[in-house]
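Reading the structure
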Amino acid sequence: MNLRDIIFRNAQLYPDKDAIVFAGRGLTFRDYTSRACRLGNALLASGLKHQDRVAILAPNCPEYLEAFAACESAGLIVVNINYRLSAKELIEICRDCEPKALIFHQQYAELAGELLKAAAGIETVIGIQTTMHGARAYEEVLAGSSSEPPPVAIDDEDIAYLIYTSGTTGRPKGVMLSHRAIAESARSISHDGGAMTSDVMLIVMPLFHIGGRIEMLGFNILGATTVLHSAFDASEILRSFEMHNVTAAHLAPIMVQRLLESPDLQNYRRDRLRCIHYASAPMPAPVLRRAIAAFGPILTQIYGLTECIVVSLLTPAQHILDGDERVVRRLSSAGQPFLGCTVRIVTADGNDAQSGEIGEILVRSPGLMTGYWNNHTATVPTLRGGWMHTGDLGYADEDRFIFIVDRKKDMIISGGENIYSWEVEEALRSHPDVAEAAVIGVPDDEWGESVKAFVVVRPGAKPLAEALIAHCRSRIASYKKPRTVEFVEVLPRLFNGKIDKKALRAPYWSAQNRQVA
């Protein structure tokens with residue numbers, strides 16, 4: 001199965017059903033497929049050939065999804081680039097992957113202009129709602145092209161997407177994802193995540209990230225409707241739940257927290273909502289409890305990476321709030337492996353870890369990347385031995401629930417002891433005055449590194465740093481507790497909701513001889 005098969009199947013089976021709803025406007029599967037074919041044929045007619053790259057610089061919008069489908073149907077590679085990166089970073093990405101075409105939205109016209117000046121080789125330029133920089137108008141391109149399926153063959157192992165990693169641990173790398181890897185990951189999410197043809201799936205995560213796209217496809221593969229939002233606004237999302245009879249949603253944990261904190265939470269109906277998938281980061285147990293109280297037992301956690309799209313999931317039935325301590329503890333886990341996925345935990349000496357023993361998480365999965373674009377030296381160690389080396393540290397319990405304790409490069413080594421930030425953060429979040437917490441290692445002349453915590457407090461709370469440190473000492477070993485606590489209004493975050501620890505660490509490590517990522 002390839003991605004074009006999904007597009008044409010939906011057009012045949014559900015031609016008059018809404019494929020996409022955006023800003024109050026619906027687009028049927030018939031029209032969506034027709035427009036995608038028009039764009040795909042236009043790209044081929046402009047001179048693009050099999051596996052040429054098409055860069056997309058746009059916010060979430062129907063044209064973005066049409067560009068995905070156009071490239072999937074025409075044997076081209078989508079490079080869905082992160083508009084939040086600097087111009088310098090985007091220029092480096094374009095120089096690396098050498099796109100032949102650029103599709104950009106008027107919202108990012110200035111950034112597109114910088115790319116066109118600095119990145120050679122872009123021959124076809126199409127503007128959504130703009131003709132700046134000599135771009136051909138998107139609608140005019142479609143109007144002048146055929147709606148017949150592009151006359152090309154698609155191999156399941158053809159590269160469909162080239163997604164550049166966020167660069168939190170170094171220079172962004174282009175992750176090559178094949179049609180097979182994406183289609184099989186969508187099938188896994190659909191099957192194990194409980195998707196239904198009758199679903200109305202809300203997508204708000206940015207489409208330059210694999211999370212939003214694969215969650216959409218996990219429901220789209222069955223012909224479900226997608227309600228697309230261009231940006232997250234808690235009140236707008238809650239209103240959309242009611243207005244569009246939303247049954248499923250994909251959200252980052254911080255988004256769920258913002259919905260719970262919204263004064264509009266009780267103002268809109270959400271009784272049709274039967275499924276919330278959360279991903280990108282674990283959800284703190286206190287937030288999970290509040291979410292289940294507000295939305296019901298409908299939460300599913302998905303654990304995956306850009307390089308390995310599906311790894312494990314924690315189903316609604318496994319979100320157990322009360323009872324046996326061993327079972328309740330699994331709220332902090334990433335669940336069990338998807339069907340078809342195999343997970344190993346490997347210690348530093350290369351041996352399989354025992355139950356409860358921490359090591360690096362290795363994965364075999366249908367959603368595994370083909371490799372890094374133009375980067376054999378990074379591909380080989382990451383995929384060595386036939387396993388994806390995730391860089392995540394964790395352990396498995398006796399029933400193969402996977403617990404992630406840190407990124408390898410986030411682990412703090414203080415006085416020779418390994419300290420995992422998630423464990424310290426969980427201890428902090430268990431304090432009733434703490435809304436959010438992030439922990440990093442900072443330079444320490446005596447211990448090498450010491451634990452520093454950044455804390456966002458709940459409205460009206462005024463805890464003392466000493467009280468939070470003492471609270472941690474009562475829950476975890478004393479050597480793991482924060483040495484210092486800094487209270488902040490907000491924590492810096494990446495586009496996918498993850499806390500940007502690189503930004504937190506930068507002021508403390510910039511002048512050091514030894515650097516951490």
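Residues numbered from 1 in each chain as written. Predicted model: local features only at pLDDT ≥ 70, side-chain atom pairs only at ≥ 80, totals over all residues. Heavy atoms only, no water.

Per an unreviewed UniProt entry, the chain is named 3-methylmercaptopropionyl-CoA ligase, and its organism is Pseudorhodoplanes sinuspersici. Recorded in UniProt for the chain, the comment headed Catalytic activity (unreviewed entry) runs: "3-(methylsulfanyl)propanoate + ATP + CoA = 3-(methylsulfanyl)propanoyl-CoA + AMP + diphosphate". Quoted verbatim from the Sequence similarities (unreviewed entry) field of the UniProt record, the comment on the chain reads "Belongs to the ATP-dependent AMP-binding enzyme family." (UniProt positions renumbered as here; feature names shortened; annotations may be inferred.)

Tracing the backbone shows Gly441 in strand S24 (residues 434-444). Remark: the alpha-carbon pair of Gly441 and Asp410, spanning 31 residues in sequence, is separated by 7.9 Å. (Helix = DSSP H or I, 4+ residues; strand = E, 2+ residues; numbered from the N terminus.)

In this section: the confidence of the model for the chain. Model confidence for the chain is summarised by a mean pLDDT of 93, while 97% of its residues fall at 70 or above. When the criterion is pLDDT under 50, residues 513-517 qualifies, and its contacts beyond four places in sequence or with other chains add up to 12 contacts. (pLDDT = per-residue confidence, 0-100. Contact = heavy atoms within 4.5 Å.)

On to empty space enclosed by the protein. A complete count under the given rule lists 1 cavity of 30 Å³ or more for this structure. One number sums up the size of the largest cavity: a volume of about 50 Å³. Lining the largest cavity we find Leu3, Ile6, Ile7, Tyr32, Glu72, Arg213, Met216, Leu217 and Asn220. For the lining of the largest cavity, the secondary structure elements donating two or more residues are helix H1 (3-13) and helix H8 (210-220). Of all the elements, H8 adds the most residues to the lining of the largest cavity, at 4 residues. Residue composition of the lining of the largest cavity, by class: 6 nonpolar, 1 polar and 2 charged. (1 Å grid on protein atoms, 1.4 Å probe; cavity = no way out; pocket = protein on both sides within 12 Å on 5 of 7 lines; lining within 4 Å. Points joined across faces, edges and corners; volume = space filled by probe spheres on them. Nonpolar A, V, L, I, M, F, W, Y, C, P; charged D, E, K, R; others polar.)

Moving on to the pairing of S24. In terms of burial, S24 is largely enclosed, as 9 of its 11 residues are buried. Where S24 folds back on strand S25 (residues 448-457), the antiparallel hairpin that results is connected by 3 residues. (Buried < 20%, exposed > 50% of the residue type's maximum accessible area, 1.4 Å probe, protein only. Pairing = 2+ DSSP bridges.)

As a further point, take the nonpolar core. Grouped together as the largest cluster of nonpolar side chains are 117 residues, with contacts concentrated most on Leu39, Leu57, Tyr161, Leu177 and Ile182. Tallying contributions element by element places helix H3 (residues 62-74) first for this core, with 8 residues. A domain split of this core shows at least three residues from each of domain 1 (29-154) and domain 2 (186-407). With residues up to four places along the chain from it excluded, the contact list for Ile182 reads Leu3, Ala160, Tyr161, Leu177, Ile214, Leu217 and Ile309. Counting residues in each nonpolar core, the second largest holds 36 residues, with Met205, Leu259, Leu273 and Ala291 among its members. (Core = buried A, V, L, I, M, F, W, Y, C linked by side-chain atoms within 4.5 Å. Domains from an automatic or database assignment.)

Any two packed helices are characterised by the angle at which their axes cross and by the distance between the axes. In the contact formed by helix H7 (residues 179-192) and H8, the axes pass within 8 Å of each other and the chain directions differ by 65°. The angle between H7 and H8 places the two elements in the roughly perpendicular class. Considering how the two elements wind past one another, H7 and H8 form a crossing that is right-handed. On H8, the residues touching Ile182, Ser185, Ala186, Ile189 and Ser190 of H7 are Ile214, Glu215, Leu217 and Gly218. (Axes fitted to C-alpha atoms, helices over the stretch in contact; angles between N-to-C directions. Parallel < 35°, antiparallel > 145°, perpendicular 65-115°, else oblique. Left-handed = near helix turned anticlockwise from the far one by under 90°.)

On to the sheet that holds S25. As a general point, the strands of a sheet are linked pairwise by backbone hydrogen bonds and lie either parallel or antiparallel. Read across the open sheet, the 3 strands follow the order S24-S25-S26; overall the sheet is mixed. Every interior strand has two partners, whereas the edge strands, S24 and strand S26 (484-487), have only one. Each strand axis lies, on average, 25° off the axis of its neighbour in the sheet, ignoring direction. Pairing of S25 with S26, which is carried by 4 bridges, proceeds in the parallel orientation. Looking at the pairing, Ala453 lines up with Val485 of S26. Of the strands in this sheet, S24, S25 and S26 are in contact with helix H15 (residues 465-473), which crosses S26 at around 125°. Along the sheet face, helix H16 (residues 501-509) touches S24, S25 and S26 and points at about 35° away from the line of S24.

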